[in-house]
Structure formats: C-alpha cells, structure tokens
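Fold and geometry: a report
Each chain, letter by letter, is given below.
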Amino acid sequence: MYLRMAKRLLLESDKRALWKLAWNMGWKGMLSVQKHKKRLKKGEVFPPFLYISVINSCNLRCQGCWVDVAAKQETISAEALHRLINEAKEAGNVFFGIVGGEPFMHPELLDVLEEHPDCYFQIFTNGQFITDEKAKRLRKMGNVTPLISVEGNEIVSDERRGRADVYNKTMEGIQNCLNNKLFTGVCTSLCKTNIDDLLKEEWIDRLIEMGVMYTWFHVYRPMGPDASPELCLTTGQQLKARQFVVDMRVKKPIVIVDAYHDGKGQALCPAVTGMSHHINPWGDIEPCPVIQFSQESIHNHEKSLKDQFVESEFLKDFREMSASTTRGCIILERPDLLQKLIEKHGAVDSTVRKTAMKELEAMEIRTSQYNPGNEIPEKNLLYRIAKKYWYNDFGVYRDYDHSQTAAPELVQLQTTVSSTKT
Ligand code: SF4
C-alpha cells in the first residue's frame, strides 16, 4: 500500500504543489507541533493549528450547521487576516484551517493566502465556487489544499444541505480541482442518512479513481438552530466508523485524516490538547467551532494574539475541565458541565442569533469518540509513528481518572456496545 500511495503522489500530483505540501505542511508543520509541545511544558498553550472562519455567509443551508449563515455578511478583513497569520507565524505556526460559512465567498481570501507562500492552508468548502479558473490560480499558488464536503448521494445531499442539485455542483468543483492537479481532499460528516452510502470501500475506491488524495470522516454533531439530532450516529456506528478508517489505512492508497484518536486508538479532543482553537468571522476566539462562547477577540490590539490565547482563563479552564471529565467531546458528553463553565467565566455568546446557551441547554447527553474498552489502535505503521510524535494527547489527560466522571446515561450508552461486542 505504501508504494501505491507514493506512486500516486509522484505521478498524479503537481510537483511544485507536492514540494509545498511536504515542506510547508510536512516539515515545518512538524516543527510547529514541536514548538507547541515545548510551550506546553512551560504551561503555555498557543495552538499550532488555528481554524479561522473567514466569513459567515454560505449558499447552502445544512442540517446541524452552527454558523449564522443567513445573518448579515461578516468577514475577517484582509488586513486582520494578514495580522493574524503574521502573529501566528511569529509563534512558529505555518498551517491554518480556513472555514466558514463558505470561504470561497470571501472576496479577498485568495489574495491574502497568496501573500503567505511560506504557509499552508486547508480550505473547508462545499466546492461550488471552485471554477476551472479559480483552480488554476490555486495551482499557481501551490500552498492551498481544498477539502470538499460530500454529504451523501444526490437525494441525501439536497436534503442534508437544504438546496437543489448540490451533489452535481459539488462534484463539478472537485473535478475542476483534480483537472488542475490540486492536492484535493473530500470529507463527510457521517450521519444516519449517509453512513451506508459513504462509509464503504466502493466510495473510497471511487475517490482514488477520481484522483482524490485524502479523505476525512467527521462524526455529525447536532449543533445550531436546526440541530437535527435524529441524524446522530449510534455508539455502535461510531465504533464501526473508527474500525473502517483503521482498516482502510492499511489497504487503500489514499490518506485518511482523523482528529480524534492517537496511535493507540485512545480518544482525544484537539481543543483540549491545545492543538487547535477557533476564530469566528467576528474575530471571537472560541475553544472550537461548535462551542460558540468567547472572552477574547483578535480585534483587541492591547495584547498580542499569542498572549490572548496564553493568558485566557476561559480557554485554560475549558481545557482542564474537559480533560478532567473525559477524553471525548465535552459538548456531546457533558453539555451541563460546559454550561457551568461558561456561566462561571461569564463567557459571551459569540453568535448573532444569541441562542447558543438555549441550544446548549437543549442538548442531550451523547457518546462521542471516547468509548473506554473499545479502543482501536492504528494498524498502519506510518500513522502510528506520526501520531506517536506529532498527534497525541501530549499528556494532558495524564492526571485524570475518567472512570468516575462519565454521566450515568453515557455509561449506559457506552456499555450497550461493549455487551454487543463480546
Ligand atoms: S469539544 Fe468536541 S467538537 Fe470541539 S474540538 Fe473537542 S471533540 Fe471536537
């Protein structure tokens, strides 16, 4: 499998783009994580991977979307984006996740990213604004990878994304990227309506055939004003998804990304390990995209960006409270504790709709990536090595015993799986 993957990278990709990926994202990305680990030892947390929502607007209306997509358009200006990227670079950062809304609706986005050839940007997009001309420009830039979301077959895509002909328009965007040899990824938010279509070998084979270089299976989170909790995966389906990813990594010449497990298959939260935090279109600094509460802003110039993160009592307490409670997703497993933390710090609802607390209060307790006793370790040696050094919990869970902190409902849900497995 390793040789087939190497062959794909060498024969199917643009060589300059491959070099940028290897150098900016690979080598310098690794160095930025090393710097993070050093800071952690000093009790300082500045995330090496920042996720930046550059705009709230979007042309789609997805179930479970937490962004105020219909609100008055707000963008992070080119000037503020440059300042943010430059300040993060001072801390050794090179990789940035660009999210939204729909990032390609931001009028100056590519102008900004083009001025940072020493960085690497992953744009989370529905692909519908990626014309052949835009893909040609991205190829010329070489420092951008589009990660395009496909949420199901044609019928499910329209249902999930609240518009018509979504699947075909997205596929057109993907094809424009592949025709221009971009290092292209396809992601899916796995849920009840698409797991049977997309969590299967045939779909992976299709992606490889098309020329897609990596894929990412997120797990659906019931967020926002249209949370659609009925779409959430069962605990058994979450484990099936993890097993599938581990199995396909030793079988298929395609990279499969995940953010929720270390090499031993132990669960983690990238916001708790300090690997990533989120900045919304209004410049508010949040623990992660779906926890829409904040106390800091990139527009506060009395402090450096780094100090805003390092000195944030809210972020620090969020990480410690979550780490002491679970290795999983605190907003799924203990929304009650998150609510208490937000009230304790007086953190501000950073949405336009100002209903984030009501949505949190309405959340049911659900299982997440943490399912003690059901850990599935990596089989692929390269993933094991990469995670051993550059993607694990960095010891943040070391001092905590989670056997007593899970909510009874959660233990019940987790146990159902264990009993079916034995
Ligand atoms: S809190 Fe949950 S949704 Fe947010 S980063 Fe952690 S695991 Fe992901």
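Everything quoted here is computed from the prediction, not taken from an experiment. (Residues numbered from 1 in each chain as written. Predicted model: local features only at pLDDT ≥ 70, side-chain atom pairs only at ≥ 80, totals over all residues. Heavy atoms only, no water.)

1. Focus: the site of the ligand
Every residue lining the ligand is accounted for by Arg221, Tyr260, Cys269, Ala271, Cys288, Val290, Ile291, Cys329 and Gln369. Taken together, the residues that form the shell around the ligand break down as seven nonpolar, one polar and one charged. (Near = heavy atom within 4 Å. Nonpolar A, V, L, I, M, F, W, Y, C, P; charged D, E, K, R; others polar.)

2. Observations regarding helix α5 (residues 132–141)
All buried positions along α5 are accounted for by Ala135, Leu138 and Met141. The buried residues of α5 occupy an angular sector of 115° when projected down its axis, which confines them to one face. Facing away from the buried surface of α5 by more than 90 degrees, the exposed residues are Glu133 and Lys140. For α5, the secondary structure elements touched by its buried residues are α2 (15–41), α4 (109–114), β4 (144–149) and α7 (166–179). Just beyond α5, the residue with positive phi is glycine 142, at close to 80°. (Buried < 20%, exposed > 50% of the residue type's maximum accessible area, 1.4 Å probe, protein only. Helix = DSSP H or I, 4+ residues; strand = E, 2+ residues; numbered from the N terminus. Arc of directions from axis to C-beta. Contact = heavy atoms within 4.5 Å.)

3. Looking at the sheet that holds strand β1 (residues 49–53)
The strand order across the open sheet formed by 10 strands is β7-β6-β5-β4-β3-β2-β1-β8-β9-β11, and the pairing between neighbours is mixed. If you trace the sheet from one side to the other, it starts and ends with β7 (255–257) and β11 (296–297), each paired once. Across the face of the sheet, helix α10 (residues 235–249) comes into contact with β5 (185–190), β6 (214–219) and β7 while running at roughly 150° to β7. (Pairing = 2+ DSSP bridges. Axes fitted to C-alpha atoms, helices over the stretch in contact; angles between N-to-C directions.)

4. Details of the environment of arginine 4
For arginine 4, the position within the fold is in helix α1 (residues 2–12). Discounting residues that sit within four places of it in the chain, arginine 4 has contacts with Lys251 and Pro253. Here the side chain of arginine 4 touches lysine 251 through a polar contact of 2.9 Å, landing on its backbone oxygen. (Polar contact = N/O pair within 3.5 Å; in protein donor to acceptor, adjacent residues only side chain to side chain.)

5. Considering a nonpolar patch on the surface
On the surface, a cluster of nonpolar side chains totalling about 480 Å² of accessible area is made up of Tyr2, Leu381, Leu382, Ile385 and Tyr389. In terms of residue count, the dominant contributor to the nonpolar patch is helix α16 (residues 381–390) (four residues). The topology assignment puts leucine 381 in helix α16. Given a relative accessible area of 46%, leucine 381 falls into the partly exposed group. (Patch = residues over 30% accessible without salt bridge, like charges linked within 9 Å, V, L, I, M, F, W, Y side chains within 5 Å. Areas by Shrake-Rupley, 256 points an atom, 1.4 Å probe, with all protein chains shown as cover. Salt bridge = Lys/Arg side-chain N within 4 Å of Asp/Glu carboxyl O.)

6. Notes on the side chain of histidine 261
Relative to the assigned elements, histidine 261 resides in the loop between β7 and β8 (276–279). In this structure histidine 261 comes out as buried when scored by relative accessible area, which is 10%. Dropping the residues within four chain positions of it, histidine 261 is found in contact with Arg242, Gln266, Ala267, Leu268, Gln369, Lys387 and Tyr391.

7. Digging into a positive patch on the surface
Residues Lys35, Lys38, Lys41 and Lys42 make up a contiguous surface patch of positive charge. The residue lysine 38 is located in helix α2 in this model. A relative accessible area of 60% means that lysine 38 is categorised as exposed. (Lys, Arg positive; Asp, Glu negative; His and termini not counted. Charge placed at Lys NZ, Arg CZ, Asp CG, Glu CD.)

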